Every structure is written in C-alpha cells, then in structure tokens.
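In case you want the letters, here they are:
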Amino acid sequence: MRERLQNLGRVKLVGAITLAAVVLAVLANLFISWLFDFQTTWFEDVFRAAVIPIFLAPLLSWYLVGMFYLLDSLEKDMSVLARIDSLTLLSNRRYFYQQTSDWLATESNRSRVYAFFILDLDFFKGINDQHGHLCGDKMLERFGVVLQEIAPSPNIVGRLGGEEFAVFLPNASQQEAENLAVRICQTMRCSVIEWDGEKVSCSVSIGVSINMNGQKSTIENAFKYADLALYEAKKSGRDCYRVYLS
Ligand SMILES: Nc1nc2c(ncn2[C@@H]2O[C@H](COP(=O)(O)OP(=O)(O)OP(=O)(O)O)[C@@H](O)[C@H]2O)c(=O)[nH]1
C-alpha cells in the first residue's frame, strides 16, 4: 500500500512534467513562428503540428496507463483495509458479521449446526498498566496468530474490538467446539511473549454458543448466547470456557 502511494506520487510528478512539456512545446512553436515570421508550406505546417503529439504521445499514454493501474490497485487496497483489523490482520467486527451472516443466510446452511465463540483476554488491562500499551498490542497480535493457527478456514476468525475476539465454526458439533475451546485456552496459558526482558503471558476466557439440532437462528442470537456463556466463564474464575446450548 505504502509502495503504491509512493508510486502515485511519481505518477503525479510525471503528469506535471508531461503537462509542462506540452505547454513549453506549444509556446516554443509559437515563438519560433513569430520570431522568424515563417512563410511555411502546408506540408511544414502539418509536420510541425504533428511533431508535438508524436513525441509526447508515448509519455502521455504511459502516464494514463500508470494512473489507471495505480487507482485500480489503490481501490482494491482500500476495500481490503475496510475489512481487516489493522493490528491483528483478522476480519474486523463489521466484516466478521458480514461473513457469518452470509453463511447463515445461505439456504443450504440454514438448517446446519454451528458454534460461535466470544473470546476475551483475562485481566488485559493489567498488562497495559504493567508493561505498557505496546506490550498489550503485541499480546493481541499473538492471540490473533494463535486463533488463526488453531481455527483455520473454513472457520471465521475476527477481532470484535479491544481485547475481544470471535470465532465462528460452521458445521461444528458440540464435541468439536469444546475440543477447540480447550486447545485455545491451553495454548494461551502456555504462550509467553518477551517484553523488556520479562516474560508476559495472558489467559483467555471463552463463551461458546452452540446451535443444536440445526435450528434456524441469527448471528445476533448466537452473539447473545455466547456473551452469556462468557459471563459465566469470567465468573467461574477465568481461563476456561462455558457453553450455552440453544
Ligand atoms: N494495548 C491495547 N489495549 C487495548 C486495545 N483496545 C482496548 N485495550 C485495553 O483493553 C483493556 C480492557 O480492560 P477491561 O475491559 O477492564 O478487561 P480486563 O482487564 O481484560 O478484565 P476482564 O475482561 O474482566 O478479565 C482496557 O485497558 C483497554 O484500554 C488495543 O488495541 N491495544
């Protein structure tokens, strides 16, 4: 993205040079005609009129093609940036909702089972307070990587905001969902980052909502039930998961 923006700067410079060259060439042409009061033939008139476009056409074409290519790639970059969380590179809240809602809206998926996790790092404020926000950011990045490794596609992983994340497991049974929750808790419990020569770790609490028996439901319901389960996990002392069956 940064490279493209630099290229855009270069293209603008070439555009300005091209424009200046056109203006100078036209002025020079007029000046020479005025200075020498040319009595030119029609052939010389046509030749002189054609010289400028012939020499400048490649430059102009290159400029226009470059501009088109860069604007096109910048538009694509913008659309990606609007969907991802810049710190963890996971889906952001809005895109996560869109992905999961799209899955649920598909007719063939409506009667399927799925699990929905809300994951919240424990006492995360303490890490910020004790080691600083940059350390907190590094922990959030680490958690994002852990989630992507443990719950790869077709599962959908997103950062809802702050230290709250979500995972959607399409077609997952209760057993599969619970196994995954156990693995995430264990991995975070053992995961350590180095910060200013100190080892920093952070556990996670997980609220799991499982849509049993393939009942039709919305992502809002799944969210509500997972949130209730998360509340139970926090109340039970954290570093654990709780399940809400619906
Ligand atoms: N470093 C960093 N901190 C963030 C970010 N977003 C939110 N926070 C911090 O996350 C902390 C969340 O604190 P709390 O809501 O009290 O939660 P907690 O300390 O994890 O406590 P429990 O959830 O009850 O275990 C706050 O201190 C926020 O400032 C971020 O992007 N980076």
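The coordinates are above.
Calculation notes
Residues numbered from 1 in each chain as written. Predicted model: local features only at pLDDT ≥ 70, side-chain atom pairs only at ≥ 80, totals over all residues. Heavy atoms only, no water. Helix = DSSP H or I, 4+ residues; strand = E, 2+ residues; numbered from the N terminus. Buried < 20%, exposed > 50% of the residue type's maximum accessible area, 1.4 Å probe, protein only. Expected span 1.5 Å × (residues − 1). Pairing = 2+ DSSP bridges. Axes fitted to C-alpha atoms, helices over the stretch in contact; angles between N-to-C directions. Contact = heavy atoms within 4.5 Å. Salt bridge = Lys/Arg side-chain N within 4 Å of Asp/Glu carboxyl O. Near = heavy atom within 4 Å. Polar contact = N/O pair within 3.5 Å; in protein donor to acceptor, adjacent residues only side chain to side chain. Areas by Shrake-Rupley, 256 points an atom, 1.4 Å probe, with all protein chains shown as cover. 1 Å grid on protein atoms, 1.4 Å probe; cavity = no way out; pocket = protein on both sides within 12 Å on 5 of 7 lines; lining within 4 Å. Points joined across faces, edges and corners; volume = space filled by probe spheres on them. Parallel < 35°, antiparallel > 145°, perpendicular 65-115°, else oblique.

1. Structural notes on the overall build of the protein
Okay, step 1: A tally of regular secondary structure across the protein gives seven helices and seven strands.
Okay, step 2: When the elements of the protein are put in sequence order from the N terminus, they spell out α-α-α-β-α-α-β-β-α-β-β-β-α-β.
Okay, step 3: Taken over 246 residues, the protein has a buried fraction of 37%.

2. Some words on helix H5 (residues 133-150)
Okay, step 1: In a regular helix each residue adds 1.5 Å, so 18 residues correspond to 26 Å; H5 covers 26 Å between its end C-alpha atoms and thus fits that length.
Okay, step 2: Inspection of H5 places Cys-135, Gly-136, Met-139, Leu-140, Phe-143, Gly-144, Val-146, Leu-147 and Ile-150 among the buried residues, and these make up the whole buried set.

3. Digging into the sheet that holds strand E6 (residues 204-211)
Working definition: the strands of a sheet are paired by backbone hydrogen bonds and lie parallel or antiparallel to each other.
Okay, step 1: Reading across from one edge, E2-E3-E1-E6-E7 is the order of the five strands in this open sheet, with mixed pairing throughout. Two strands in the sheet have a free side with no partner beyond their single neighbour: strand E2 (156-161) and strand E7 (241-245). Mean inter-strand twist for the sheet, computed between neighbouring axes without regard to direction, equals 20°.
Okay, step 2: Contacts between helix H3 (residues 93-105) and the sheet are confined to strand E1 (114-121), E2 and strand E3 (164-170), with E2 contributing the most and set at about 140° to the helix.

4. Observations regarding the pairing of E2
Okay, step 1: Of all six residues in E2, five are buried; the element is thus mostly enclosed.
Okay, step 2: Bridge analysis of E2 against E3 gives five bridges, and the strand direction is antiparallel. Counted as the bridge partner of Ile-156 is Phe-168 from E3.
Okay, step 3: The hairpin turn running from E2 into E3, its antiparallel successor, is two residues long, and Gly-162 in that turn takes a positive phi close to 55°.

5. Looking at the pattern of salt bridges
Okay, step 1: This model, assessed by the stated rule, comprises seven salt bridges.
Okay, step 2: Where Arg-159 meets Asp-85, a salt bridge forms, and the shortest distance between an N and an O atom there is 3.2 Å. Placement of the pair is Arg-159 in strand E2 and Asp-85 in the loop between helix H2 (42-81) and H3, with a sequence separation of 74 residues.
Okay, step 3: For Asp-85, a relative accessible area of 13% translates into the label buried.
Okay, step 4: Lys-235 is the salt-bridge partner of Glu-232, the closest N and O atoms lying 3.7 Å from each other. Of this pair, Glu-232 and Lys-235 both sit in helix H7 (residues 219-235), three residues apart, which is roughly one turn of that helix.
Okay, step 5: By relative accessible area, which is 34% here, Glu-232 ends up partly exposed.
Okay, step 6: Each of Asp-120, Asp-122 and Lys-234 takes part in a single network of salt bridges with overlapping partners.

6. Considerations on the site of the ligand
Okay, step 1: For the ligand, the set of nearby residues contains 16 residues, the closest of which are Phe-123, Phe-124, Asp-137, Arg-159 and Arg-238.
Okay, step 2: Between the ligand and Asp-120, the relevant distance is 3.0 Å, taken from an oxygen atom to a side-chain nitrogen or oxygen of the residue.
Okay, step 3: Contact with the protein chains hides 66% of the accessible area of the ligand, taken as 670 Å² for the molecule alone.
Okay, step 4: Looking at the shell around the ligand, the elements with two or more residues in it are E1, helix H4 (124-131) and H5.
Okay, step 5: The dominant element in the shell around the ligand, judged by the number of residues it contributes, is H5, at four residues.

7. Regarding the pairing of E3
Okay, step 1: Among the seven residues in E3, six count as buried, and that is most of the element.
Okay, step 2: When E1 meets E3, the two strands line up antiparallel, connected through seven bridges. Note that in E3 the partner of Tyr-114 across the bridge is Pro-170.

8. What to know about empty space enclosed by the protein
Okay, step 1: All chains considered together, the criterion is met by one cavity of 30 Å³ or more.
Okay, step 2: Considered as a void within the structure, the largest cavity measures approximately 30 Å³ in volume.
Okay, step 3: Considering the residues around the largest cavity, the lining is formed by Tyr-114, Ser-209, Asn-211, Ser-217, Asn-221, Ala-222, Tyr-225 and Ser-246.
Okay, step 4: Sorting elements by how many residues they give to the lining of the largest cavity places H7 first, with three residues.

9. Some points on the packing of H4 against H5
Okay, step 1: Two numbers describe how H4 lies on H5: the axes approach to 6 Å, and their chain directions differ by 140°. Classified by the interaxial angle, the pair formed by H4 and H5 is oblique. From H4, Phe-124, Ile-127, Asn-128 and His-131 reach across to H5, where they touch His-133, Cys-135, Gly-136, Met-139 and Leu-140.

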